[in-house]
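Observations on chain architecture
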Amino acid sequence: MNAIELNEISYEYTDGTKAIETLTLNIPIGAKVALLGPNGAGKSTLLHHLNGLKIPDEGSITIMGEALTKRSAKAIRRKVGLVFQDPDDQVFSGSVLEDVQFGPRNLGMSEEEIEAVCHAALGSVGMLEFKKKPPFHLSYGQKKRVAIAGILAMQPDIVILDEPMSYLDPQGQDDVAALLHGLHFMGKTILLSTHDVNFAASWADTIILMKEGRLLASGGTELLVDEESVREAELHLPVIARLFRMLNYEKEKLPRNEQEAARILFESMNKEALT
Ligand code: ADP
């Protein structure tokens, strides 16, 4: 069974903008998916479909084997948590704790359960000590972590994040990357949009490239070192691949991330030592 199945979905905004056009895609359970494409490609619109915030004009969506419709959207929100790009759209209660409690309470969890899941969620994003603070006193990065905790507290199978790294400082980005690794080891399916090709190439196992509401390509991280795909999706090569291109490395053998580059260098150094 796939976590997410999109079958020829299309979506048009009321002003006539066609944001998604006949898009078909399957995402297996446990996948780490990075969705990339230029501004206006339809990434946010697509992510908003995955927990029923938007319903496609045409086509169908299946989440963990269940058809997503206006009727089933509420139940499906238990399975799919969506972290918005701007935490101010998500974090609004009087205190951090109240904010994280909001979702589980809405789901009808008992007070005991709410306490346990909120404690765990705030702990996993490193925000427990801030639980009594009003969210508007927090930094952008801290609010982002609270927004993520609010979603984790609902214990979804699938976690969707719209540009989770944007506007975070380097340490904040590392913290979110570590959190995403942790979620993967907990068995969650993770789908995020990002402009950060370096992060996508080192974290994801599946890449989806979108442009003008359409799917350009989907596959492994090798798509990010395929110059044609990269040009079409208006991206650039990961910095480590660009370095190897400058060194006249073969197009077909470019490393996707630091680990791969280190292996290539290590092997070539060993070869030299042997000759
Ligand atoms: P991305 O997340 O890839 O930047 P979006 O999903 O935000 O792309 O936007 C896809 C297209 O839909 C763009 O052309 C954008 O201008 C348009 N769009 C987004 N939101 C609205 C809206 N509320 N009303 C009309 N058009 C919109």
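Below you will find a few notes about this structure. (Residues numbered from 1 in each chain as written. Predicted model: local features only at pLDDT ≥ 70, side-chain atom pairs only at ≥ 80, totals over all residues. Heavy atoms only, no water.)

**Quick word on the packing of helix α3 (residues 96-106) against helix α5 (residues 140-152)**
- Between α3 and α5, whose axes approach to 7 Å, the crossing angle comes to 35°. Between α3 and α5 lies a crossing of right-handed hand. Contact with α3, carried on its side by V96, D99 and V100, involves V146, A149 and G150 of α5 and no other residues of that element. (Axes fitted to C-alpha atoms, helices over the stretch in contact; angles between N-to-C directions. Helix = DSSP H or I, 4+ residues; strand = E, 2+ residues; numbered from the N terminus. Left-handed = near helix turned anticlockwise from the far one by under 90°. Contact = heavy atoms within 4.5 Å.)

**A word on the side chain of S95**
- Here S95 lies in the loop between β6 (80-83) and α3.
- Among the polar contacts listed, one links the side chain of S95 to the backbone nitrogen of E98, at a separation of 3.1 Å.
- Not counting residues up to four positions away in its chain, the partners in contact with S95 are K131, K132, K133, P134 and P135. (Polar contact = N/O pair within 3.5 Å; in protein donor to acceptor, adjacent residues only side chain to side chain.)

**Considering the sheet that holds strand β5 (residues 66-67)**
- Taken in spatial order, the 4 strands make up an open sheet running β2-β1-β4-β5, and their pairing is antiparallel. With partners counted over all chains shown, the strands left at the sheet margins are β2 (18-28) and β5, one partner each.
- Bridge analysis of strand β4 (residues 58-63) against β5 gives 2 bridges, and the strand direction is antiparallel. Its bridge partner being in β5, T62 is matched across the sheet by A67. (Pairing = 2+ DSSP bridges.)

**Notes on the packing of α5 against helix α6 (residues 170-185)**
- As a packed pair, α5 and α6 sit with axes 12 Å apart at the nearest point and diverge in direction by 10°. What the angle tells us is that α5 and α6 run roughly parallel. Here R145, I148 and L152 of α5 come into contact with α6, specifically with D175, V176, L179 and L183.
- Of the residues assigned to the contact of α5 with α6, the class counts are 5 nonpolar, no polar and 2 charged. (Parallel < 35°, antiparallel > 145°, perpendicular 65-115°, else oblique. Nonpolar A, V, L, I, M, F, W, Y, C, P; charged D, E, K, R; others polar.)

**Describing the site of the ligand**
- In the vicinity of the ligand, the contacting residues are Y13, D15, T17, A19, P38, N39, G40, A41, G42, K43, S44 and T45.
- In the model, an oxygen atom of the ligand is placed 3.0 Å from a nitrogen or oxygen of the G42 main chain.
- Note that an oxygen atom of the ligand is positioned 2.5 Å from one of the side-chain N or O atoms of T45.
- Contact with the protein chains hides 61% of the accessible area of the ligand, taken as 560 Å² for the molecule alone.
- Examining the composition of the shell around the ligand, we find that 3 residues originate from one element, helix α1 (residues 43-49), more than from any other.
- Taken together, the residues of the shell around the ligand sort by class into 4 nonpolar, 6 polar and 2 charged. (Near = heavy atom within 4 Å. Areas by Shrake-Rupley, 256 points an atom, 1.4 Å probe, with all protein chains shown as cover.)

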